[in-house]
Amino acid sequence: MNNLSSLCCRSSQGLGAVARPVRYASTSTPTPTSSPKSSRSNSRRWLSIVFVGATAAGAGAYIRSQNTSSATLNPETFTKYNLVSREPVSATSSLFTLRPRNPSDSNYDVYEEAWQTGVWSVMFKQPQLQIGRDYTPLPTTAATSLSVDDENEGCLRFFIRKDPFGEVSRYLHNIDVGADVEMRGPKIECAIPKETENILFIAGGTGIAPALQAAYSLLNRKHTKHRQKIHILWANRLKDDCAGGHSDSLKPQPRRGWFSGWFGSSKSLDTTSENAVDGVRTEDSSIIVRELEALKSQYPGQVTVDYYLDEENTFIRKEDIRGAIATASTNDSRKSKSKLILVSGPEGFISYMAGPKLWAQGQELQGPLKGVIKELDLKDWGVWKL
């Protein structure tokens, strides 16, 4: 989920036809009260006044529309939220908690409808540059540190990486705790069909946030005949992001990771060890790992998580995807409406796994299926790129 959206919508407003002074024929001797030159001067002055007035009115309307703020989160206007806390997850990412500046009971209904639909996001505004960026809220789990009051007041949490080239992420990491942030939404990124019983979620980096959303949406559906399951394959560059996590399935053989090809070489490790991911277990668990573990505890047997680290020279292979698919296919022989693959992460990660998304006529489209998933020829599975 990684494209900047322009918030500054400038539109030119035509003034329309302007009436010119009408000169009537006269048989009487002209009076010296006005000359043709002075009439033209008056006309130009009048046109200037009309133009300035119309421009000022248009600018005022634009400013009012941008400053309009609702107490309830909505996709049309921006709502002010207060930055309650910013907790570091790793050297490059943080967990943000934001509370509505003016709490509204309606926010609960807005959130709940979005959670039940599937994966959703909200847009953060960078006020100095008037640009925006979509981020995915994290669901509330047993590991959530929010108080009851925070939950009742409509707090939202976000896992955001500080991108050195990202204006909005740098802005969010630099503002003071207690500052106001403007958001609008929700925007549904992927509506998970009601028939879905199995999800394979392939996540890169902060793409784990949509994975947690998908798990929350899928596993909280009550009126189903089958036991829903989600298998998450999570690739990271840094150990800090998934410290304390351990894979639930058979571990892959160590080798060069996907991230290293895009972000530089990985440091050399002993690839003869069984799996360096095991070493992470002795460290304190990261916030996101605690969220995943809480989800597994809440839904035993329904959530599977496997970790991949560029630092450990491990990455998501075809065999790992095929193994996850085989497990789900054994339990569910139905067609693709019940089985879904979701891919989320940096653009390069999505392109490598499933082919790039495309832009056409101002809209982001899925584009043709390519990459690793295309090569596997998974006919019974639907695929969606986030």
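Here is what the cut-offs are and how they apply
Residues numbered from 1 in each chain as written. Predicted model: local features only at pLDDT ≥ 70, side-chain atom pairs only at ≥ 80, totals over all residues. Heavy atoms only, no water. UniProt positions renumbered as here; feature names shortened; annotations may be inferred. Helix = DSSP H or I, 4+ residues; strand = E, 2+ residues; numbered from the N terminus. Contact = heavy atoms within 4.5 Å. Buried < 20%, exposed > 50% of the residue type's maximum accessible area, 1.4 Å probe, protein only. Pairing = 2+ DSSP bridges. Phe/Tyr/Trp six-rings, centres within 6.5 Å; stacked < 30°, edge-to-face > 60°. Lys NZ or Arg CZ within 6 Å of the ring centre and 35° of its normal. Axes fitted to C-alpha atoms, helices over the stretch in contact; angles between N-to-C directions. Parallel < 35°, antiparallel > 145°, perpendicular 65-115°, else oblique. Nonpolar A, V, L, I, M, F, W, Y, C, P; charged D, E, K, R; others polar. Salt bridge = Lys/Arg side-chain N within 4 Å of Asp/Glu carboxyl O.

The name an unreviewed UniProt entry gives the protein is Riboflavin synthase-like beta-barrel, with Penicillium hordei as the organism. Under the heading Sequence similarities (unreviewed entry), UniProt records this for the protein: "Belongs to the flavoprotein pyridine nucleotide cytochrome reductase family." Here the protein is described in UniProt, under the heading Cofactor (unreviewed entry), as follows: "FAD".

Caption draft 1: Up close: the UniProt feature "binding site: FAD" (unreviewed entry) in the protein. UniProt's entry tags Arg133, Tyr135, Val168 and Ser169 with the feature "binding site: FAD" (unreviewed entry), counted in the numbering of this structure. For the annotated residues, spread through 37 residues, the largest C-alpha to C-alpha distance comes to 10.3 Å, consistent with a single compact locus. Along the chain, Tyr135 falls in strand 5 (residues 131–135). Those residues in contact with Tyr135, other than ones at most four positions away along the chain, are Ser121, Val122, Phe124, Phe158, Ile160, Val168, Ser169 and Leu172. Along the chain, Val168 turns up in helix 4 (residues 167–174). According to the relative accessible area criterion, Val168 is buried, its value standing at 1%.

Caption draft 2: Representation of the pairing of strand 3 (residues 93–100) within the structure. Extensive coverage of strand 3 is indicated by the burial of seven of its eight residues. By the bridge criterion, seven bridges tie strand 2 (residues 79–88) to strand 3 in an arrangement that is antiparallel. Bridge pairing in strand 3 places Leu83 opposite Leu98. In this structure, the hairpin formed by strand 2 and strand 3 is closed by a connection of four residues. Bridging between strand 3 and strand 7 (residues 156–161) involves six bridges; their strand directions are antiparallel.

Caption draft 3: The pairing of strand 12 (residues 339–344), seen in detail. Taken across its six residues, strand 12 has six buried, putting it largely inside the fold. Of the two faces of strand 12, the one holding Lys339, Ile341 and Val343 and the one holding Leu340, Leu342 and Ser344 are both buried throughout. Pairing between strand 9 (residues 198–204) and strand 12: six bridges, direction parallel. Paired with Ile199 across the strands is Leu340, a residue of strand 12. Strand direction decides the pairing type here: strand 12 and strand 15 (residues 382–385), joined by four bridges, are parallel. By the bridge assignment, Leu340 is partnered in strand 15 with Gly382.

Caption draft 4: Broad picture of the packing of aromatic side chains. In this structure the tally under the stated criterion is six aromatic pairs. Centroid distance Phe124 to Tyr135: 5.4 Å. Interplanar angle 85 degrees. Geometry classified as edge-to-face. Here Phe124 is found in strand 4 (residues 118–126), whereas its partner Tyr135 is found in strand 5, with 11 residues between them in sequence. For Phe124, a relative accessible area of 1% gives the class buried. Among the residues examined, Tyr135 registers a relative accessible area of 10% and is labelled buried. Among the aromatic residues, those joined into a cluster by ring pairs are Tyr111, Trp115, Trp120 and Tyr216. Residue placement shows Lys125 over the ring face of Phe78; its charged tip is 4.4 Å from the ring centre. The ring of Tyr135 has Arg133 lying over it, and the distance from NZ or CZ to the ring centre is 4.9 Å.

Caption draft 5: Representation of the sheet that holds strand 15 in the model. Here we have five strands laid out as an open sheet, ordered 11-10-9-12-15, and parallel in their pairing. For this open sheet the edge positions go to strand 11 (303–309) and strand 15, each flanked by a neighbour on one side alone. Strand-to-strand twist of the sheet, defined as the mean angle between neighbouring strand axes without regard to direction, takes the value 15 degrees. Both strand 9 and strand 10 (residues 229–236) contribute to a ladder of seven bridges, which runs parallel. By the bridge assignment for strand 10, Ile202 is matched with Leu233. On the sheet, helix 9 (residues 347–354) packs against strand 9, strand 10, strand 12 and strand 15 and is oriented at approximately 145 degrees with respect to strand 12.

Caption draft 6: Looking closely at the packing of helix 2 (residues 106–117) against helix 5 (residues 208–219). The contact between helix 2 and helix 5 brings their axes to 7 Å, and the two run at 90 degrees. The angle between the axes of helix 2 and helix 5 places the two elements in the roughly perpendicular class. Note on element contacts: helix 5 touches helix 2 through Gln213, Tyr216 and Ser217, opposite Trp115, Gln116 and Thr117. Residue composition of the contact of helix 2 with helix 5, grouped by class: two nonpolar, four polar and no charged.

Caption draft 7: Fine view of the pattern of salt bridges. All chains considered together, the criterion is met by 12 salt bridges. Ionic pairing is found between Glu375 and Lys318, a salt bridge with its closest N-O pair at 2.4 Å. With Glu375 in helix 10 (residues 371–376) and Lys318 in helix 8 (residues 318–331), the pair connects residues that are 57 residues apart, well separated along the chain. For Glu375, a relative accessible area of 54% translates into the label exposed. Residue class for Lys318 comes out partly exposed when judged on its relative accessible area of 33%. The salt bridge partner of Lys357 is Glu364, with a shortest N-O separation of 3.5 Å.

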